[in-house]
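The residues making up each chain are set out below.
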There are 2 protein chains.
Amino acid sequence: MKFEPVTIKDIAKALNLSKSTVSRALRDSYEISSETKEIVVAYAKSVNYRPNPIALNLKERRSRTIGIVVSEIANSFFSQIINGIESIAKENDYNVIITQTLESYEREIEVIHNLAQSVDGLLISLSSETKDIAHIQLLHDRGMPIVFFDRIIESIEAHKVISDDYKGAYSATTHLLENGYKKIAFIGNTPNLSIIKHRKEGYLAALQKAGIKPKESYIKYCEHGGMYYEEVEEIINQLFKLKDRPDAVFSCSDKITTNCFRYFNANNIILPDDIALIGFSNLDLTGFMKPSLSIIKQQAFEIGVKAAELLIKQIESKRPVYEYSKIVLDPELFIRDSTQKRKNTQ
Amino acid sequence: MKFEPVTIKDIAKALNLSKSTVSRALRDSYEISSETKEIVVAYAKSVNYRPNPIALNLKERRSRTIGIVVSEIANSFFSQIINGIESIAKENDYNVIITQTLESYEREIEVIHNLAQSVDGLLISLSSETKDIAHIQLLHDRGMPIVFFDRIIESIEAHKVISDDYKGAYSATTHLLENGYKKIAFIGNTPNLSIIKHRKEGYLAALQKAGIKPKESYIKYCEHGGMYYEEVEEIINQLFKLKDRPDAVFSCSDKITTNCFRYFNANNIILPDDIALIGFSNLDLTGFMKPSLSIIKQQAFEIGVKAAELLIKQIESKRPVYEYSKIVLDPELFIRDSTQKRKNTQ
DNA sequence: CTGAAAGCGCTAACAA
DNA sequence: TTGTTAGCGCTTTCAG
């Protein structure tokens, strides 16, 4: 069954006017007599006329739609970002199409291709698997407005909105050190991701400051960004097989953090006595877990807001943009029970 | 700056052919010589030609897009449903536009209006505030394919996909009763919602079966569906002021459930000793909370799959659909610590 | 086998 | 003040 909306043509026919008169009347053009306007508007309302946005898009060669590419919607960090984006999009009368890569490079290529022709601009956070960025570079070169957030591409000149990952990692690691944990493992998504590079740098810097030599065997990555429990399981198994088993884990993503938690729970490893755990996460519930989880929380909503603002500004700018901004937001450390040895509990 | 994709016209000009020949060649029409085809296809590829989907949409009077209306993306139940929908949409080459009402009637009207013209069909779960359904009825009457899921409208004839809410509520309440809780409070979103009606019936039936007379004062609703912590706070305060204070809470939504948890936590009310808590939730982390939360979990992904399948089938059906299916999926009860008195711990 | 032209719904330059 | 026409990118009769 077909949904057949009423068109300007229908109205014109019904009222014995031309399409253009109707169009102008509806847009309240100065060249239409007020009587005609009234008639048209009244009739349009009575038949519940709505302009066909597709026709408008074709005409104006724009869609008033922005595309979002994230790794997973069902991830509090990204869904909060999306909320931020939506609030700005709504304000500026843009629609939003959300796509998820599920951390897969293949899917990223596919969704970006699909989006490419139907949006006015793109808000992208890379998938964990992505190493080659040709598919994005191409679009960018052809003038598609793109703003990167969170997992950005350093080599492409564009607006970027990120957290201060270095600082977040540095303070989390320092917190662990101050609480007596010296053998700190680092679990990241994949080394190609900008955020992971910076987080690793922060982690290393904190160790160095404390005079601790980093161990290669403590630094681990998840091929699929921690999407699958098995990846994380495998990594922790490896860590636990080491002669000098780590006494703390610093994790780089929500998914990895909660998967670590699951592992410890399933294997009767007690936090924070057997091992400490801190990680990037934007999940509200982490405060209610057993034990409550120390986290580094990002200003997700704000990231979305800033990214959307920059993108819309760029889309609507008359001339090409040459000056790009890089907005860096501070993450916040929440110190809870999973990183404080019982005796030290404050 | 503008993103200017190459069009069929460009190719035609470059190759000294007509638009129609190019179009046909690209669609591999039988009436085009294989040489011409080769030339065109090769050239198109070399310039990275992509058909303009907007033009196609206008032509075909369809958008290959389905619209989703949920109350909140950042809600595990809905994001899992969305994943289910997306998987089917992708298979069938449909795009998806996700919108959220944030439980507001106003927003629901707005997003549905926006969607109405740009999608081929709608997947709707009502907002908690919605009582009047004229905005949806109108679309439906005009032939827009709509499938309802979760919070459905009984009075509209359409495909519907839901959980067996009655059963979920019945078994959760029965579980509480069997564990010695007799004074069970019921907290729902709003009484106008189909799911809440059924859950209340299940709750009442379980009480009756156990020979317990329900108390009006134990049955509470959240005007905004539990979106705001304050609503839930207010309700629990009311419950706790009763002479005969409840010893258990049965909650009807993820948001309410976690907000109850927050309240208890903040006010040093110990679960399950001071009070028991069970609720509908699809959050994985509930199993790791302190105490671990008993929940009724719905087959969210499956709901999305079924709803999307029905919708796409309806969109693509040649003739009007008169037979509507109502798919009912069983929820699953997860019994954990928040509803089992310490002595009873298994 | 290929091209010209119409049309999807809308706007806007140009006529009247 | 209103109508005619062309055109956005594409497909598809209808002619050649």
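Predicted, not measured: the structure shown is a model, and the values here were computed from it. Residue positions are given per chain, counting from 1 as you read along its sequence in written order. As they are written, the chains are lettered A onward and the ligands numbered 1 onward, keeping that order. Local features in this predicted model are restricted to residues of pLDDT 70 or higher, and side-chain atom pairs are both shown and tallied only at a pLDDT of 80 or more, whereas totals for entire chains, interfaces and linings draw on every residue. Based on all heavy atoms of the structure, the side-chain values leave hydrogens and waters out of the count.

**What to know about the overall build of chain A**
Next, step 1: Along the backbone of chain A there are twelve helices and twelve strands.
Next, step 2: For a compact globule of 346 residues, the expected C-alpha radius of gyration is about 20 Å, and chain A comes in at 26 Å, more than 25% above that figure.
Next, step 3: Summary of the burial criterion: residues with accessible area below 20% of their type's maximum are buried, those above 50% are exposed, and those between are partly exposed, where the area comes from a 1.4 Å probe applied to protein chains only. The buried share of chain A, reckoned over its 346 residues, is 55%.
Next, step 4: Pairs at least 24 residues apart make up 72% of the contacts formed inside chain A by residues separated by at least 6 positions.
Next, step 5: Surface exposure here means Shrake-Rupley accessible area, sampled with a 1.4 Å probe, where a residue is shielded only by the protein chains that are shown. Working note: accessible area of chain A is about 15,500 Å², and carbon and sulfur atoms make up 49% of it. Elements are defined by DSSP. Helices are runs of H or I of four residues or more, strands are runs of E of two residues or more, and each kind is numbered from the N terminus. Atoms counted for the radius of gyration: C-alpha only. Globule rule: 2.2 Å times residue count to the power 0.38. What makes two residues a contact is simply this: any of their non-hydrogen atoms within 4.5 Å.

**Some details on the protein's contact with DNA strand D**
Next, step 1: Neighbouring DNA strand D are 26 residues, the closest being Ser20(A), Thr21(A), Arg24(A), Thr36(A) and Ile8(B).
Next, step 2: In these notes, residues near a molecule or strand are those with any non-hydrogen atom within 4 Å of it. A share of 57% of the atoms of DNA strand D within 4 Å of the protein falls on sugar and phosphate groups.
Next, step 3: Thr36(A) places a side-chain nitrogen or oxygen 2.7 Å from a phosphate oxygen of DNA strand D.
Next, step 4: Those elements that provide at least two residues to the surface near DNA strand D are helix H2 (19-26) and helix H4 (53-60) of chain A together with helix H1 (8-15), helix H2 (19-26) and helix H4 (53-60) of chain B.
Next, step 5: Considering each element in turn, the surface near DNA strand D owes the most residues, four residues, to H2(B). Any pair of N or O atoms that falls within 3.5 Å is considered a polar contact. Within protein, one atom must be able to donate a hydrogen and the other to accept it, and sequence-neighbouring residues count only if both atoms are side-chain atoms.

**A few points about the interface of chain B and chain A**
Next, step 1: The partner chain A presents 54 residues to the 55 residues of chain B that form the contact.
Next, step 2: Together chain B and chain A conceal approximately 5,100 Å² of surface at their shared face, both sides included; 61% is due to carbon and sulfur atoms.
Next, step 3: What counts as a salt bridge is simple: a side-chain nitrogen of Lys or Arg found within 4 Å of a carboxyl oxygen of Asp or Glu. Counting across the interface, chain B meets chain A through zero salt bridges.
Next, step 4: For the interface between chain B and chain A, the tally reads eight residue pairs in polar contact (both at pLDDT 80 or more).
Next, step 5: Each residue gets one of three labels, nonpolar for Ala, Val, Leu, Ile, Met, Phe, Trp, Tyr, Cys and Pro, charged for Asp, Glu, Lys and Arg, and polar for the others, Gly among them. In terms of residue class, the side of chain B that touches chain A is built from 27 nonpolar, 15 polar and 13 charged. Once two parts are put together, the accessible area they lose, assessed with a 1.4 Å probe and summed over both, is termed the buried area.

**Quick word on the sheet that holds strand E1 (residues 65-70) of chain B**
Residues and elements named next belong to chain B.
Next, step 1: Strand pairing is assigned whenever DSSP identifies at least 2 bridges connecting the two strands. The sheet built from six strands is open, its strands ordered E2-E1-E3-E4-E5-E11 with parallel pairing. The two strands at the open ends of the sheet, each matched to only one other strand, are strand E2 (95-100) and strand E11 (326-329). Within this sheet the neighbouring strands show an average axis-to-axis angle of 15 degrees, counted without direction.
Next, step 2: In terms of strand pairing, E1 meets strand E3 (residues 121-124) through four bridges, oriented parallel. Bridge pairing in E3 links Ile68 to Leu123.
Next, step 3: Axes here refer to lines fitted to C-alpha atoms; in helices the fit is confined to the stretch in contact. Angles between the N-to-C directions go from 0 to 180 degrees. Sheet strands touched by helix H12 (residues 300-316): E1, E3, strand E4 (146-149), strand E5 (159-163) and E11. Its angle to E4, the strand with the most contacts, is close to 165 degrees.

**What about the pattern of salt bridges?**
Note on pairing: side chains with opposite charge can pair once their charged atoms come close.
Next, step 1: Summed over the entire model, instances satisfying the criterion amount to 26 salt bridges over all chains.
Next, step 2: Salt-bridge contacts for Glu31(B) lead to Arg24(B); the nearest nitrogen and oxygen are separated by 3.7 Å.

**Examining the sheet that holds strand E8 (residues 248-251) of chain A**
Residue and element names in this part refer to chain A.
Next, step 1: Pairing is mixed in the open sheet, where six strands are placed in the order E7-E6-E8-E9-E10-E12. Each of the sheet's edge strands pairs with one partner strand only, and the pair in question is strand E7 (219-221) and strand E12 (332-334). Neighbouring strand axes in the sheet, compared pairwise and without regard to direction, differ in orientation by 15 degrees on average.
Next, step 2: Bridge count for E8 against strand E9 (residues 276-280) is four bridges, and the pairing is parallel.

**Things to note about unusual backbone geometry**
Next, step 1: Residue Pro272(A) is bonded to the preceding Leu271(A) through a cis peptide linkage, with omega at -5 degrees.
Next, step 2: Topologically, Pro272(A) is positioned in the loop between helix H11 (254-266) and E9.
Next, step 3: Of note, the phi angle at Asp28(A) is positive, near 60 degrees, even though the residue is not glycine.
Next, step 4: Topologically, Asp28(A) is positioned in the loop between H2 and helix H3 (34-46).
Next, step 5: A residue is classified by how much of its surface remains accessible, and Asp28(A), at 54% relative accessible area, is exposed.
Next, step 6: Here Leu102(B), not a glycine, exhibits a phi torsion of approximately 50 degrees, which is positive.
Next, step 7: Within the element layout of this structure, Leu102(B) appears in the loop between E2 and helix H6 (105-116).

**Some remarks on the UniProt feature "domain: HTH cro/C1-type" (unreviewed entry) in chain A**
Next, step 1: UniProt positions are given in the numbering used here, feature names are shortened, and annotations may be inferred rather than shown by experiment. Taking the numbering used here, the UniProt-annotated feature "domain: HTH cro/C1-type" (unreviewed entry) corresponds to residues 7-50 of chain A.
Next, step 2: End-to-end, the C-alpha atoms of residues 7-50 of chain A are 8 Å apart, and along that stretch the chain is 66% helix and 0% strand.

**Some points on the relation of the copies chain B and chain A**
Next, step 1: Screw-axis analysis of chain B against chain A gives a translation of 0.0 Å along the axis, an RMSD of 0.1 Å, and a rotation angle of 180 degrees. In the structure described here, the two chain copies are related by an operation that fits a two-fold rotation axis. Using C-alpha coordinates, one finds that chain B approaches the rotation axis most closely at Met289(B), a distance of 2.0 Å.
Next, step 2: Counting the interface residues of chain B, we find that 98% of their copies in chain A are interface residues as well, pointing to one common contact surface. In superposing the copies, a least-squares fit is computed on C-alpha atoms, taking residues whose pLDDT is at least 70 in both.

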